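Residues per chain, in single letters:
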Amino acid sequence: MLKISPSILSADFADLEGQIRLIEQGGADYVHLDVMDGHFVPNISFGPMVAATVNRITDLTCDAHLMITDPDKYIEAFAKSGVDICTVHIEVLDDPRSTLARIRELGMAPALTLNPDTDVELILPHLNLVEQVLVMSVFPGFSGQSFIPDTLDTVRRLRSEAPELDIEIDGGMNSDTVPQAVEAGANVLVAASAIFKSTDIVRAIRDLRAVAQKALKREEQ
Ligand code: DX5
Ligand code: ZN
């Protein structure tokens, strides 16, 4: 099933509630929370406090992407803030099994992600422990970067290993790149700038869904 997960990283934080109402109207499935610590990535964004605020504003599934060096230290705080899907980077995990189990124990859906230059083989042994895999299609840290086409190989590999898994893709998604991502096997689409920098947020979400659905239909034929 296709899902759209708008990332509030490009939202107008002066009116976060208004922006979230617009993504609800546009039919977003998730709200994507890009958490950055200034260590794992060169940027700092927000943490559990903003996640809790978003969770208070909306009933949309809170899809958190933790770009932080020490997720084990913070997963409990994100659980308390109402995060539904907790995605951690394979690059920083000493013991992926225990971190993923802890995320589940805390009532969140565990998910793994990898950078564009990380070997997908590192993820494969853990597919049975996750509800979703996120493929980074840009180097994490900033919105508004260009999609890296080579990352589609990772999507294809994951799709062939796990036909039923939710495969999310994040970075440089727009109406040109979404069809390629869907054709490769991604079904959860993250977008920050293509949605929040658009002059019509509601329409931007509907348009992304429409191009994704069209690509999916082509694939099914
Ligand atoms: C990148 C973040 C992405 C980013 C996507 O570090 O993980 O979620 O906000 O931004 P766009 O859609 O503008 O590439
Ligand atoms: Zn993200």
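Structure: above.
Summary of the structure given here. Predicted model only: the values in this text are computed from it and were never measured. (Residues numbered from 1 in each chain as written. Chains lettered and ligands numbered in written order. Predicted model: local features only at pLDDT ≥ 70, side-chain atom pairs only at ≥ 80, totals over all residues. Heavy atoms only, no water.)

## Regarding the packing of aromatic side chains
If you walk through the whole model with that rule in mind, you get 1 aromatic pair. Here the aromatic rings of Phe 13 and Phe 46 are separated by 5.9 Å at their centres, their planes lie at 45 degrees, and the arrangement is tilted. Separated by 33 residues along the polypeptide, Phe 13 in the loop between strand S1 (3–6) and helix H1 (16–25) and Phe 46 in the loop between strand S2 (30–36) and helix H2 (48–57) bring together distant segments of the chain. (Phe/Tyr/Trp six-rings, centres within 6.5 Å; stacked < 30°, edge-to-face > 60°. Helix = DSSP H or I, 4+ residues; strand = E, 2+ residues; numbered from the N terminus.)

## Describing the site of ligand 1
Among the 20 residues in the neighbourhood of ligand 1, the closest are listed as Asp 34, Gly 141, Gly 144, Asp 170 and Ser 193. Between Gly 144 and ligand 1, the recorded distance is 2.8 Å, taken from a backbone N or O atom to an oxygen atom. In the environment of ligand 1, an oxygen atom lies 2.2 Å from a nitrogen or oxygen atom belonging to the side chain of Ser 193. When ligand 1 is considered free in solution it has 380 Å² of accessible area, and contact with the protein chains removes 99% of it. Of all elements in the fold, only S2, strand S3 (61–67) and strand S8 (188–191) reach the threshold of two or more residues within the shell around ligand 1. In terms of residue count, S2 provides more of the shell around ligand 1 than any other element does, 3 residues in total. Looking at the shell around ligand 1 residue by residue, the class counts come to 9 nonpolar, 9 polar and 2 charged. (Near = heavy atom within 4 Å. Polar contact = N/O pair within 3.5 Å; in protein donor to acceptor, adjacent residues only side chain to side chain. Areas by Shrake-Rupley, 256 points an atom, 1.4 Å probe, with all protein chains shown as cover. Nonpolar A, V, L, I, M, F, W, Y, C, P; charged D, E, K, R; others polar.)

## Some details on a negative patch on the surface
A contiguous patch of negative charge on the surface is contributed by Asp 70, Asp 72, Asp 94 and Asp 95. Here Asp 94 is to be found in the loop between strand S4 (85–89) and helix H4 (96–105). (Patch = residues over 30% accessible without salt bridge, like charges linked within 9 Å, V, L, I, M, F, W, Y side chains within 5 Å. Salt bridge = Lys/Arg side-chain N within 4 Å of Asp/Glu carboxyl O. Lys, Arg positive; Asp, Glu negative; His and termini not counted. Charge placed at Lys NZ, Arg CZ, Asp CG, Glu CD.)

## Examining the coordination of the zinc ion (ligand 2)
The zinc ion (ligand 2) binds to the protein through His 32 (NE2), Asp 34 (OD), His 65 (ND1) and Asp 170 (OD), with metal-donor distances spanning 2.0 to 2.3 Å. Metal-centred angles of 66 to 164 degrees between the 6 donor atoms at the zinc ion (ligand 2) mark the site as irregular. (Donors = N, O, S within 2.8 Å, 3.2 Å for Na, K, Ca; no water. Tetrahedral: all angles 85-135°; square planar, octahedral: opposite > 155°, others 65-115°.)

## Things to note about the nonpolar core
The biggest cluster of nonpolar side chains holds 69 residues, and the ones touching the most others in it are Ile 8 and Leu 33. Sorting elements by how many residues they give to this core places helix H8 (residues 201–220) first, with 5 residues. Ranked by size, the runner-up nonpolar core spans 5 residues in total, among them Tyr 30, Ile 85, Ala 111 and Val 188. (Core = buried A, V, L, I, M, F, W, Y, C linked by side-chain atoms within 4.5 Å. Buried < 20%, exposed > 50% of the residue type's maximum accessible area, 1.4 Å probe, protein only.)

## With respect to the packing of helix H5 (residues 151–161) against helix H6 (residues 177–184)
Where H5 contacts H6, the axes come no closer than 8 Å and their chain directions differ by 30 degrees. Judged by the inter-axis angle, H5 sits roughly parallel to H6. For the pair H5 and H6, contact is made by Leu 152, Val 155, Arg 156 and Arg 159 and by Gln 180, Ala 181 and Ala 184, respectively. Within the contact of H5 with H6, the residues separate by chemical class into 4 nonpolar, 1 polar and 2 charged. (Axes fitted to C-alpha atoms, helices over the stretch in contact; angles between N-to-C directions. Parallel < 35°, antiparallel > 145°, perpendicular 65-115°, else oblique. Contact = heavy atoms within 4.5 Å.)

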